[in-house]
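Understanding the architecture of this molecule
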Amino acid sequence: MNIGALYQIYQQHPVISTDSRNCPPGSLFFALKGESFNGNHFADKALAAGCSYAVVDDPSIRSDDRHILVDDVLQTLQQLAAHHRRTLHTPVIAITGTNGKTTTKELVAAVLATKYHLLYTSGNLNNHIGVPLTLLRLRPEHEIAAIEMGANHPGEISALCRIAQPDYGIITNVGLAHLEGFGSFEGVIQTKGELYDYLRETKGKIFIHRDNPHLKSIAAGLEQIAYGESPAPTDASRIQTQPTNLSPNERFTAGKIQTQPSQPENNKPFVSGRVQCAHPLLSIEWENAEAHYSVSTQLVGTYNLWNVLAAISVGLYFNVPAQDINRAISEYQPSNNRSQRQKTAHNELIIDAYNANPSSMEAALSNFASLPVTPKAVILGDMLELGAECLRLHAEIVKQLDRYAFEKVFLCGNNFSSICSEYQCFPDIKALSRHLSSHQLRGHFILIKGSHGIHLEKIIDFL
């Protein structure tokens, strides 16, 4: 069946299922395959559970008129999503980067949702399956879409761009991550830069961290909306605690969302800001051509300054009033073990255990070391997918720990255990949990940081 014919069916049945255990009545089931499962084998179960049709790519199981046979189910899902996106013409903002892309996406969504009916990536559905599934949730009433894009191999961002066809893009940063797939730091830059390549080709626009030399080096030829760091304010330009509205533009003109000019005439950043306070939570000062403002967040870490400024830039560009931007940012609560602060009965935790790579680990440790609290304990898990440089990069983190001299340090995972002797090392989360259950920490400020595959979230109950 061609995409045009399948799209007509999708319009009548616009809810997509890829799990035979979750089949809303009238939905379309896509029989995806993975390393340990074959969705074709569950097509009949999906139909019995309520799906109207099942898209399959195995001719041998086709026994029902409701089986739609295609050459490749995943490719068909992606093609259908791209066709749907082209049909609706909804403005799309693509967000990628080594660190901070999910937090930035959530902040952008919080800001834009104060004014627009928004679709945005749920959780971490940012790959070759998650992006098309998100786009197939797009409806005519959505005014903007914010799509997160992840990658661990060259070419993946380019492929996701061909599906999502973004009009705007944000690369939060580039750093050492997924080196098994990228091969080198240059490979990371090249792959993340595929978003810029697509927008350059389609005459799109980017929101860019002006002070990041790696992003500046690959942004030539693109229309740029910049955000950057501002100096400390003088006494004559103190922060306004009650920000005023931007100019009162209507939401639409001739059916299109109105936007601000992409860059001030004096070539200053569209938005600039600085850290005001980072203990216990991040507060920032920011300014644009209109005035100065301040906002307190529920985020941990000075490194989140750039994620907040990116969201402010997007909000201002799409004419969200400044006070609504500040309200959205101040009310946003991080989740999924990302930059979370949590008080337990015995300790105060900074939980950043969803992902880890050398650049995010260094930033988290530096921020934690700067906090005026004591005693401090650090619990670090291995950084995964670093390839041949793995042990050297873990050794660099241990050297950083040596400089900071935290009161207690616990390291978890085979990589740290292989190169470390001066700190308490545990081969896996079970061994670490046993230790913490019998040697309980009390009255500490604790940083928990590691790759998701180490599952450091499992130790929270022991703290």
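Residues numbered from 1 in each chain as written. Predicted model: local features only at pLDDT ≥ 70, side-chain atom pairs only at ≥ 80, totals over all residues. Heavy atoms only, no water.

1. A few points about the packing of aromatic side chains
Two measures describe an aromatic ring pair: the distance that separates the ring centres and the angle between the ring planes. Convention followed: We call Phe, Tyr and Trp rings a pair once their centres come within 6.5 Å, taking the six-membered ring for Trp, and we label the pair stacked below 30 degrees between planes, edge-to-face above 60, and tilted otherwise. For every residue, the accessible area (1.4 Å probe, protein chains only) is compared with the maximum for its type, and the residue is labelled buried under 20%, exposed over 50%, or partly exposed between those bounds. Put simply, a charge is over a ring when the Lys NZ or the Arg CZ is close to the ring centre, within 6 Å, and near the line of the ring normal, within 35 degrees.
Summed over the entire model, instances satisfying the criterion amount to ten aromatic pairs. Consider the rings of tyrosine 317 and phenylalanine 318, whose centres lie 5.2 Å apart with planes at 85 degrees: the pair is edge-to-face. Take tyrosine 317 and phenylalanine 318: they sit in the same class, and that class is buried. An aromatic cluster is defined as three or more aromatic residues linked by ring pairs; in this entry it consists of Tyr116, Tyr168, Phe207, Tyr317 and Phe318. A cation over an aromatic ring shows up here: lysine 376 above the ring of phenylalanine 368, its NZ or CZ 5.6 Å from the ring centre.

2. Concerning the nonpolar core
Soluble globular proteins: nonpolar side chains tend toward being buried together. Inclusion rule: Nine residue types can take part in a nonpolar core, namely buried Ala, Val, Leu, Ile, Met, Phe, Trp, Tyr and Cys, and a core is a set of them joined through side-chain atoms within 4.5 Å. Each helix is a run of DSSP H or I of at least 4 residues and each strand a run of E of at least 2, with the numbering of both proceeding from the N terminus. The contact criterion used throughout is that any non-hydrogen atoms of two residues lie within 4.5 Å.
Counting residues in each nonpolar core, the largest one holds 46 residues, and the members touching the most others are Ile16, Phe30 and Tyr196. Considering each element in turn, this core owes the most residues, five residues, to helix H6 (residues 156-164). Beyond its immediate sequence surroundings of up to four residues, isoleucine 16 is in contact with Tyr10, Leu28, Phe30, Leu77, Leu133 and Leu136. Core analysis: the second largest hydrophobic core is formed by 43 residues, Val111, Tyr116, Val271 and Tyr293 among them.

3. As for the sheet that holds strand S1 (residues 16-17)
Inclusion rule: At least two bridges found by DSSP between two strands is the condition for calling them paired. Only C-alpha atoms enter the line fits that serve as axes; for helices the fit covers just the stretch in contact. Angles between N-to-C directions range over 0 to 180 degrees.
Sheet architecture is open: four strands sit in the order S1-S2-S3-S4, paired in parallel fashion. Of all strands in the sheet, those with a lone pairing partner are S1 and strand S4 (67-69), marking the two edges. Sheet analysis places strand S3 (residues 53-56) next to S4, joined by three bridges and oriented parallel. Considered in S4, the bridge of alanine 54 is made with histidine 67. Relative to the sheet, helix H1 (residues 3-12) contacts S1, strand S2 (28-30), S3 and S4, its axis offset from that of S2 by approximately 130 degrees.

4. What to know about empty space enclosed by the protein
To keep it simple, the criterion reads: Only protein atoms enter the 1 Å grid, on which a cavity is a set of points fitting a 1.4 Å probe that cannot get out and a pocket is an open set with protein on both sides within 12 Å along at least 5 of 7 lines, lining residues being those with an atom within 4 Å of a point. Grid points are joined across faces, edges and corners, and a volume is the space filled by probe spheres set on the points. Basically, the charged four are Asp, Glu, Lys and Arg, the nonpolar ten are Ala, Val, Leu, Ile, Met, Phe, Trp, Tyr, Cys and Pro, and anything else, Gly included, counts as polar.
Tallying each qualifying case throughout the model produces two cavities of 30 Å³ or more. When its volume is computed, the largest cavity comes out at roughly 80 Å³. If you trace the largest cavity, you find it lined by His279, Pro280, Arg341, Glu348, Ile350, Phe368, Leu371, Val373, Phe445 and Ile446. Secondary-structure elements contributing two or more residues to the lining of the largest cavity are strand S17 (348-352) and strand S21 (445-449). Of the residues that constitute the lining of the largest cavity, the class distribution is seven nonpolar, one polar and two charged.

5. Considerations on H6
Here is the rule we go by: Taking the helix axis as origin, the arc is that swept by the directions to the C-beta atoms.
Taken as a whole, H6 has its buried residues at Ile157, Leu160, Cys161, Ile163 and Ala164. Along the axis of H6, the buried positions cluster into a sector of 160 degrees, meaning they face one direction only. Where H6 is buried, its residues meet helix H3 (73-88), strand S5 (92-96), helix H5 (130-135), helix H8 (185-192) and helix H9 (194-202).

6. Some words on unusual backbone geometry
For residues besides glycine, phi is generally negative; the peptide bonds are generally trans as well. In this chain, histidine 279 is followed by proline 280 through a cis amide linkage whose omega measures -5 degrees. Tracing the chain through its elements places proline 280 in the loop between strand S13 (271-277) and strand S14 (283-287). At the junction of threonine 374 and proline 375, the peptide bond is cis and its omega measures out at -5 degrees in the coordinates. Within the secondary structure, proline 375 sits in the loop between helix H13 (358-370) and strand S18 (376-381). Residue asparagine 319 is not a glycine yet carries a positive backbone phi of 60 degrees. Topologically, asparagine 319 is positioned in the loop between helix H11 (305-317) and helix H12 (322-331). Asparagine 319 gets classed as buried once you look at its relative accessible area, which sits at 5%.

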